[in-house]
Amino acid sequence: MATFLYQMGRLAFRRRWYVALVWAAVLAAVGLGALKASGGSDEEFSMPGIESQKAFDLMEQRFPGASADGATARVVFVAPSGEKVTATENRQAVEKAVANLGDGAQVASAVDPFQAKAVSKDGTTAYATVTYKVAANDLTDASKNQLERVLHTAQGSGLTVEAGGSAMGDGGGPGGAAEVIGVAIAAVVLLVTFGSLAAAGLPLLTAIIGVGVSMATILTLSEALGLSTTTGTLAMMLGLAVGIDYALFVVSRYREERAKGRVPQEAVGLAVGTAGSAVVFAGLTVVIALAGLAVVGIPMLTKMGLAAAGAVVVAVLVALTLVPAFLGFWPNAVLRRRARRSGRIEEEGTRDNGGSRWARFVLRRPLPVLLLGVVGLGALAVPMTDLQLGMPGDEAKSTSTTERRAYDALAEGFGPGFNGPLTVVVDAKGAKGDIDPKGAADTVAKKIGGTEGVVSVSPARFNEAGDTAVFQVVPSTAPTDERTKDLVTTIRGERPGVESETGATFEVTGTTALNIDVSDKVQSALVPYLVVVVGLAIVLLLVVFRSLFVPLKAALGFLLSVLASLGVVVLVFQQGHGAGLLGVEQTGPIMSLMPIFLVGIIFGLAMDYEVFLVSRMREAYVHGERPGQAITSGFRHSARVVVAAALIMIAVFAGFVGESDSMVKMIGFGLASAVLFDAFVVRMAIVPAVLALLGDRAWWLPKWLDRLLPKVDVEGEALGRRAESESGPGSGSGPGSRSGPGPDSGSGAEPDPESGSAGTTGLEVART
């Protein structure tokens, strides 16, 4: 592989104009397709195979014309202190507001709270339910503005008026500000790392081009493949992350090869042949992790994973082709300013730096470092044993939002369970001969109404055929309370008895039940997902490193960092320790998809750091260095790059902690914590400590397994052998050569006007 990528890098360098034009054409083509596309679909979240989804599908089938996924708004009216909403003036204000709410073009109905008996027992609070004909994502600005105007007008009458429900969502995701801040911090980190504006800007430029191609492609295919509007979120985040990482690694290796005396084209070839090999396998591990999201069984999550995997593939291709092409345009611009001015490029490959000094520190004390790292992460992982999964709702939002205030008002006026009613769908098609469908529905309602923990059961609503009924059940506990989950389990446990008595059956759905079912399914899918992803990655790393212990150590270290990050998420967002520092106003269960997201994203980034760091150790070991020397060499060459990449990722993810949405805070905090633990504790401390303790055994592989595994030559060993065979008088073009350009360099080089005394060093810093 190294030889193939070496030739690819040299070709991209020589044919840089063609490469640049091809990428420009691709970007223009998919960009034009994106402009013509109708946009992402508004496909709702679904999870086949769970009871809540089955009940939801049954409702859509038996109640045609009534959009089960239509947006809703629940408008809450609270009378001034000492008054009641039933007072004449207050009642007139409420009725006028409800009438105005029903005038919208997209409104299906607006229910008067006095007719629907939606008034609290103490008469201080009432609510009106507004149902729309379309899903929340399809609501027009006119509909949203009309809702806000009515709320504002009603507030002028002296009532406290708040609103919640799906219609209140802004429809947008986090992105703008957080990603701009992340890119800005990335630029600063790259500038400090490389000491050159061009070297800092090149990874950012190529990453943005790659993300542009990926996002435009997703938009172009959104209608044909049924991609939702949220599908590209993960693709944008990871495309930017790995795009910067991969370009950073290639540029860093190019600068290193130039420091050894290579001419620009040769340095590009070697950078792509060696660093490019690590990029390919690092990208493959990320793709495996993302494609593995299909194991969970959530169509939306599967599409997000595949779209993000496509963005990673684009990032790999950009790093292998467009980056060397740009280096061909500006071969000296990425060097430090001192090197460009004087023509001298310092040999940094053997000089001490922070990475090599840290490696020697670990080599002197491998066991204490290992124990400290493992015990520290293990302690942080302990709270994970108390993990409770759920889907935080309006109760987790800031008190500055109308949704949170509406939630609190309803909980105070009607009880905590009122914010999360259960929807029961009774299928009475098979009712026994002596029991009609209405009688069967009444029997089901009485059974459920008598269950401990149920506050009230609404009257049943039948479909036109009269064989299906729907009614609401209000629990006594809040939607995210564990007792509500127990209640749902108890109600479902009564089904066999009801079915044998009436011949009718029922299913429980609604937002609360759906969240419970999603949490259970995700939790059960987590272990199979880990097995598939980690198993495939271990096989891939076996091929890369030709070692039995290195892949196992990489997988175990990853699991340790993920458990620790989940532990701190539980510590802050569930148990509330330090929650105020992050602006978290309400603690509760951890978002159901959080573990899956954390595992998928962090596994990919962790394997990036593993491949980047350990591949240089493996390269040094293969080329004759002792195990301890190889560890030091790997850190000397790669530690700074890995640290820079990790700092960039931490900055990008930490930017989301500043968002107001609690779930966005949680995702940003969890991802930033996981990168911090994996890059700085696992890869920088535990990995060298384990390798130091293993010594030569770290690179041991059974002979029978060595014969079975394909040879891919990530370390560029073939390039080294080729250099030895081609070396000789006048030869300067082969890999490994440190002399001037040879006849096959294809450069037609001219002295660079900035190169100064380049000839005095035996090093040509030519613009080729």
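Refer to the preceding data block for the structure.
Keep in mind that what you see is a predicted model, and the values were worked out from it rather than measured. (Residues numbered from 1 in each chain as written. Predicted model: local features only at pLDDT ≥ 70, side-chain atom pairs only at ≥ 80, totals over all residues. Heavy atoms only, no water.)

J.: Kindly report on the nonpolar core, identifying the contributing residues and their values.
T.: With 171 residues, the main nonpolar core has Tyr 246 and Phe 653 as its most contacted residues. The element contributing the most residues to this core is helix H10 (residues 299-329), with 20 residues. Apart from the residues within four sequence positions on either side, Tyr 246 is in contact with Val 279, Ala 282, Gly 283, Val 286, Val 312, Ala 315, Val 316, Ala 319, Asp 608 and Phe 612. Within the second largest apolar cluster, 24 residues are counted, among which are Ala 73, Phe 114, Val 150 and Ala 154. (Core = buried A, V, L, I, M, F, W, Y, C linked by side-chain atoms within 4.5 Å. Buried < 20%, exposed > 50% of the residue type's maximum accessible area, 1.4 Å probe, protein only. Helix = DSSP H or I, 4+ residues; strand = E, 2+ residues; numbered from the N terminus. Contact = heavy atoms within 4.5 Å.)

J.: Mind laying out the sheet that holds strand E2 (residues 107-110), listing which residues take part and the relevant values?
T.: Note on sheets: strands pair through backbone hydrogen bonds, and any given pair is parallel or antiparallel. Read from one edge of the open sheet, four strands run E2-E3-E1-E4, paired in antiparallel fashion. Where the open sheet ends on each side, the last strands, each with one partner, are E2 and strand E4 (160-164). Going from strand to strand, the sheet's axes swing by 20 degrees on average, the running direction of each strand aside. Here strand E1 (residues 72-78) pairs with E4 via five bridges, running antiparallel. By the bridge assignment for E4, Phe 77 is matched with Val 161. Together, E1, strand E3 (125-132) and E4 form the strand contacts of helix H14 (residues 402-414), whose direction differs from that of E4 by roughly 105 degrees. (Pairing = 2+ DSSP bridges. Axes fitted to C-alpha atoms, helices over the stretch in contact; angles between N-to-C directions.)

J.: Kindly report on the environment of Val 323, identifying the contributing residues and their values.
T.: Assignment of secondary structure puts Val 323 in helix H10. Note: C-alpha distance between Val 323 and Ala 20 (303 residues apart in sequence) is 9.6 Å. Sequence-distant contacts of Val 323, defined by excluding residues within four places in its chain, comprise Leu 202, Thr 206, Ala 247, Val 250, Val 251 and Val 318.

J.: Please provide a residue-by-residue account of the pattern of salt bridges, values included.
T.: A side chain of one charge can pair with a side chain of the opposite charge when the charged atoms of the two come close. All chains considered together, the criterion is met by 21 salt bridges. Across the pair Arg 262 and Glu 257 runs a salt bridge whose closest N-O atoms are separated by 3.0 Å. Judged by its relative accessible area of 2%, Glu 257 falls in the buried class. Between Lys 447 and Glu 501 there is a salt bridge whose closest N-O contact spans 3.9 Å. Within this pair, whereas Lys 447 is found in helix H15 (residues 437-449), its partner Glu 501 is found in helix H17 (residues 495-502), the two being separated by 54 residues in sequence. Given a relative accessible area of 40%, Lys 447 falls into the partly exposed group. Classification of Glu 501 by relative accessible area gives partly exposed; the value is 39%. (Salt bridge = Lys/Arg side-chain N within 4 Å of Asp/Glu carboxyl O.)

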